[in-house]
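These are the residues of each chain, in order.
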Amino acid sequence: MAEMMTLGKALNAGLRKALEDDPKVVIMGEDVGKLGGVFRITDGLQKDFGEDRVMDTPLAESGIVGTAVGLAIRGYRPVCEIQFDGFVFPAYNQIVTQVAKMHYRSLGRLRLPIVIRIPYGGGIGAVEHHSESPEAYFSHTPGLKVVTCSNPSDAYTMIQQAIRSDDPVVFFEPKRRYWEKGEVEFSDFPLHASRVVREGTDATVLAYGPMVKVATDAASAAAEDGRSLEVIDLRTLSPLDLGPVYASVRKTGRCVVVHEAPGNLGLGAEIAARVTEECFYSLEAPVLRVAGYDIPYPAARVEEEYLPDLDRVLDAVDRAFGW
Amino acid sequence: MAKGDLETVGADAPAGGYVQLLTPDGDRVERVTGPDGTEYSVDFTDAEYRTLYRDLVTVRRLDAEATALQRQGELGIWASLLGQEAAQVGAGRAMRPQDMAFPTYREHGVLYTRGIDPIMPFGLFRGVNQGGWDPQEYKFNQYTIVIGAQTLHATGYAMGITMDGKTGSADGEAVIAFFGDGATSQGDVNEAFVWSGVYHAPIVFFCQNNQYAISEPLERQTRIPLYRRSSGFGFPGVRVDGNDVLATFAVTRAALDNARQGQGPTLIEAYTYRMGAHTSSDDPTRYRIASEVESWKVKDPISRLKAFLEKQQVGDAAFFAEVDEQAKAEAIALRERVLELQDPDPVTMFDHVYPHGSPEVDAQREAFQRYQATFEGSAH
Ligand SMILES: Cc1ncc(C[n+]2csc(CCOP(=O)(O)OP(=O)(O)O)c2C)c(N)n1
């Protein structure tokens, strides 16, 4: 039976299920135990599963991921929490030089079923380093899989699938959507599958994580003006699942990609290149991007102007039509 | 006045002792011998004692005002120094004018005692900028939020002092790097220790051990007292009662003077307690018990200095009342100025990405302005 819960609560429920299902699953991170994480995503888990399985670690991200590698070699399935997007970088070396490459280095003999959870994105009025979207750095790194959820039900399903996956998975959580509610049900879609969330005929809007809501809101607004937008939630950033995207663009002839991360060399650039290659003769306009500007994430009081919003998405759709 | 060594002073001291020159009851300990034989004491005039008291009361009052401003929605977040006033005032006052500080995000008390306008970090906490001051002008680096990163910056700055030949005399320069107990686990901090040791850098590592890194108690970071970490890196470490402004001053002054004389780094562990939440976003009742907080109330840094001033007849009721009044006036003035901090014009977010600009950013700025203009006259 579907149950209403917030995205944060759905992740909590998914983690709980994973801990129940597999005794090798362990959660590790800063403040994840007694406090239940600064966003309470691991709330109550240490109480129920003990300090060995839900570990309050020393304050060292390189240590969190580096020791997770050792635990994985030893047969555990560590789920690491990075407290905020901007604090993953002390672990970047471990993630890129070790986590991503060990399977390849061992000629496939060693698997690292590690999940690295990262709350990401802006819109919460935070200070520096608490609002970033670093997904492209990880998607650019062969050997890592990168996914992100946009709603409670996907969050519940995808976190469990990521933990069951034999790949290292960087799991981006749209922190500003943690408190949004939806129906939650486990649905066993493949982990690396994009999804059409709203059908339409005039243009395709691609989004992921926190921007899916922006895209669907834009589609609702466009519908009032008689324009029918198809919205696709990418869900998986590496590998990309663009089959449904190509099908959509062949139908609509127009494509807009939306993400919060800076546009320069962001996911949108890769997607635009691939859609152009695959759908060249269907395209009525170039693939357009609506992205964060190529500047450091700005001070909270101007972040609303920085973040892609409904108006900017509609503006891009207009431009696609005006081409 | 009693004399002591680390084993005899501080009935309330943690195992291994600490340097304490003023007991929680406000009694002076004349001098204390540190682990390496250094004798710590202070020799303040009455006026200097009163200045320290005024500092402590003022930084606490300003901090309370900031907490209130945050609750009223005027700040996005606030990192309170409540409980850590003596550690910060003692360290700040121990610095000489030529010394350079590398703070975390909590050193509002150090900032104040450096004579810097207390409004300076409020743009960051209000969310109208991300700091925006010149570290060289104030000899006070920008607040650093990524835990521990600044300790390496401080080390490099200290290496530069040596390279410039500015150590080896009483007017040499020194650096003080601030960080928390949690930060001691970071690779950056440990690398800073390595580099400072190897380069014999003129630096003081000032760790405010406030017992918690958000929810995590000290045991999650270490098995040995933090001040002992330094021995593995080849320089001295000393623990001081961080709620004792006199001892903190004495220990920090000695360490900074050693550094400026060319005698290399020191690690100071200022043993204190975070009386409030980690930040305004935090709920400490989830992870610590009220009785623990109560047990630290009796070690309050301000009341012990007040008791001392009363016993010594250095401060009377009129003085204490006047200090409270002045602190209140400063807090009210601060509040008014915080409320005046305006949101920036959004187009300014494109400024300062590079010293000499960038054609790509310039083009985006122009496109942004054209786009904004399309909303002119609408309610957007
Ligand atoms: C690299 C990094 N990881 C995580 C955080 C999130 N965070 C902010 S403050 C904090 C705890 C810091 O504890 P401590 O060093 O003891 O300093 P305190 O805040 O107690 O003064 C954490 C984990 C961060 N800012 N930077």
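Residues numbered from 1 in each chain as written. Chains lettered and ligands numbered in written order. Predicted model: local features only at pLDDT ≥ 70, side-chain atom pairs only at ≥ 80, totals over all residues. Heavy atoms only, no water.

Chain B appears in an unreviewed UniProt entry as Pyruvate dehydrogenase E1 component subunit alpha from Spirilliplanes yamanashiensis. Listed under Cofactor (unreviewed entry) in UniProt, the entry text for chain B is "thiamine diphosphate". (UniProt positions renumbered as here; feature names shortened; annotations may be inferred.)

An unreviewed UniProt entry lists chain A under the name 2-oxoisovalerate dehydrogenase subunit beta, with Spirilliplanes yamanashiensis given as the organism. Its UniProt record, at the heading Cofactor (unreviewed entry), says of chain A: "thiamine diphosphate".

## Quick look at the site of the ligand
Not every one of the 20 residues close to the ligand is listed here, only the nearest: E61 of chain A together with Y105, R106, I145 and G182 of chain B. One of the backbone N or O atoms of A183 of chain B is found 2.9 Å from an oxygen atom in the ligand. In isolation the ligand exposes 580 Å². Once the protein is present, 95% of that is buried. (Near = heavy atom within 4 Å. Polar contact = N/O pair within 3.5 Å; in protein donor to acceptor, adjacent residues only side chain to side chain. Areas by Shrake-Rupley, 256 points an atom, 1.4 Å probe, with all protein chains shown as cover.)

## What about helix α1 (residues 7-21) of chain A?
If you check α1 of chain A, its first and last C-alpha atoms are 21 Å apart, about what 15 residues at 1.5 Å a residue would give, namely 21 Å. Every buried residue belonging to α1 of chain A is among L7, G8, A10, L11, N12, G14, L15, A18 and L19 of chain A, and all of these are buried. (Helix = DSSP H or I, 4+ residues; strand = E, 2+ residues; numbered from the N terminus. Expected span 1.5 Å × (residues − 1). Buried < 20%, exposed > 50% of the residue type's maximum accessible area, 1.4 Å probe, protein only.)

## Section: the domain arrangement of chain A
All names here are of chain A. Domain annotation for chain A reports domain 1 (3-184) and domain 2 (195-321). Taking the mean C-alpha position of each, domain 1 and domain 2 sit 26 Å from one another. Here domain 1 packs against domain 2, burying approximately 1900 Å² in sum over the two surfaces, 53% of which is carbon and sulfur. Along the contact surface separating domain 1 from domain 2 lie two salt bridges. A salt bridge links R176 to E260, with the shortest nitrogen-to-oxygen separation between them at 3.1 Å. On the surface where domain 1 and domain 2 come into contact, there are 12 residue pairs in polar contact (both at pLDDT 80 or more). Of all the secondary structure elements, the ones that give two or more residues to the side of domain 1 that touches domain 2 are α6 (135-139), β6 (145-148) and α7 (152-164). (Domains from an automatic or database assignment. Buried area = accessible area lost by both parts, 1.4 Å probe. Salt bridge = Lys/Arg side-chain N within 4 Å of Asp/Glu carboxyl O.)

## What to know about the confidence of the model for chain B
Looking at chain B, pLDDT values average 96 and 97% of them are 70 or higher. Both confidence scores are given for the complex: pTM 0.97, ipTM 0.97. (pLDDT = per-residue confidence, 0-100.)

## With respect to the state of the cysteines
Under the criterion given, the structure shown has zero disulfides over all chains. You can see C255 of chain A has no disulfide; the closest cysteine sulfur is in C279 of chain A, sitting 7.8 Å from it. (Disulfide = S-S within 2.5 Å.)

## Points about a nonpolar patch on the surface
Residues and elements named next belong to chain B. There is a patch of nonpolar side chains on the surface, built from V194, W195, V198 and Y199 and spanning about 410 Å² of accessible area. Position of W195 relative to the elements: it lies in helix α7 (residues 187-199). On the basis of relative accessibility, which here comes to 40%, the residue W195 falls in the partly exposed class. (Patch = residues over 30% accessible without salt bridge, like charges linked within 9 Å, V, L, I, M, F, W, Y side chains within 5 Å.)

## Section: the interface of chain B and chain A
In this assembly, 39 residues from chain B lie in contact with 37 residues from chain A. Of the roughly 3300 Å² buried where chain B meets chain A, counting both sides, 56% is carbon and sulfur surface. Contact with chain A buries surface across chain B, with Q130, R286 and M349 of chain B losing the most and accounting together for 19% of the total. The tally of links between chain B and chain A comes to two salt bridges. Note that R301 of chain A is salt-bridged to D343 of chain B, the shortest N-O span being 2.9 Å. Where chain B packs against chain A, one counts 15 residue pairs in polar contact (both at pLDDT 80 or more). Sort the elements by how many residues they give to the side of chain B that touches chain A and helix α12 (residues 359-373) of chain B lands first, with five residues. In terms of residue class, the side of chain B that touches chain A is built from 19 nonpolar, 12 polar and eight charged. (Contact = heavy atoms within 4.5 Å. Nonpolar A, V, L, I, M, F, W, Y, C, P; charged D, E, K, R; others polar.)

## As for the UniProt feature "domain: Transketolase-like pyrimidine-binding" (unreviewed entry) in chain A
On the UniProt side, "domain: Transketolase-like pyrimidine-binding" (unreviewed entry) is annotated at positions that read residues 5-180 of chain A here. Secondary structure content for residues 5-180 of chain A is 36% helix and 18% strand, and the end C-alpha separation is 8 Å.

## Considerations on the sheet that holds strand β4 (residues 77-81) of chain A
Residues and elements named next belong to chain A. Read across the open sheet, the seven strands follow the order β3-β2-β4-β5-β7-β6-β12; overall the sheet is mixed. Both edges of this open sheet fall to β3 (54-56) and β12 (236-238), since each of them pairs with a single strand only. On average, adjacent strands in this sheet sit at an angle of 20° to one another, irrespective of strand direction. Across three bridges, strand β2 (residues 25-29) lies against β3 in parallel orientation. What sits directly across from G29, in β3, is D56. Packed onto the sheet, α1 meets β2, β3, β4, β5 (115-120) and β7 (169-174) and runs at close to 135° relative to β2. In the packing of helix α3 (residues 61-73) onto the sheet, the strands contacted are β2, β3, β4 and β5, and the crossing angle to β4 comes to about 170°. (Pairing = 2+ DSSP bridges. Axes fitted to C-alpha atoms, helices over the stretch in contact; angles between N-to-C directions.)

## Some details on unusual backbone geometry
All names here are of chain A. With omega at 0°, the peptide bond leading from S238 into P239 counts as cis. Position of P239 relative to the elements: it lies in the loop between β12 and α9 (243-252). One non-glycine residue with positive phi stands out, namely H129, at about 75°. Mapped onto the elements of the fold, H129 is located in the loop between β5 and α6. A positive phi angle, close to 60°, is found at L265, a residue other than glycine. Within the fold, L265 resides in the loop between β13 (255-262) and α10 (267-279). By relative accessible area, which is 70% here, L265 ends up exposed.

## Let's talk about the packing of helix α8 (residues 211-224) of chain A against helix α12 (residues 310-321) of chain A
Residue and element names in this part refer to chain A. Here α8 crosses α12 at 60°, and the two axes come no closer than 9 Å. Classified by the angle their axes make, α8 and α12 are oblique. You can see that α8 and α12 cross each other, and the crossing is right-handed. Contacts between α8 and α12 involve V214, D217, A218, A221 and A222 on the former and, on the latter, L310, V313 and L314. (Parallel < 35°, antiparallel > 145°, perpendicular 65-115°, else oblique. Left-handed = near helix turned anticlockwise from the far one by under 90°.)

## Let's talk about the pairing of β6 of chain A
Pairing of β6 of chain A with β7 of chain A, which is carried by four bridges, proceeds in the parallel orientation. Across the sheet, residue T148 of chain A finds its bridge partner in β7 of chain A, namely F172 of chain A.

## Some words on the side chain of T148 of chain A
In this structure, T148 of chain A sits in strand β6. Filtering out sequence-adjacent residues up to four positions away, T148 of chain A remains in contact with Y120, M158, F172, P174, Y208, G209, R235 and L237 of chain A.

## Looking at the side chain of T279 of chain B
Structurally, T279 of chain B can be placed in the loop between β10 (266-271) and α9 (290-297). The exposure class of T279 of chain B is buried, given its relative accessible area of 11%.

## Quick word on the packing of aromatic side chains
On inspection of all chains with the given rule, the structure shows 45 aromatic pairs over all chains. Residues F84 of chain A and F87 of chain A carry aromatic rings whose centres are separated by 6.1 Å and whose planes lie at 85° to one another, so their mutual orientation is edge-to-face. F87 of chain A carries the same exposure label as F84 of chain A, and that label is buried. Of the aromatic side chains, those joined through ring pairs into one cluster are F89, Y92, Y120, Y137, F138 and F172 of chain A. The aromatic ring of F321 of chain A is capped on one face by R254 of chain A, whose charged end is 4.0 Å from the ring centroid. Directly above the ring of W296 of chain B sits K299 of chain B, whose terminal nitrogen or CZ lies 4.2 Å from the centroid. (Phe/Tyr/Trp six-rings, centres within 6.5 Å; stacked < 30°, edge-to-face > 60°. Lys NZ or Arg CZ within 6 Å of the ring centre and 35° of its normal.)

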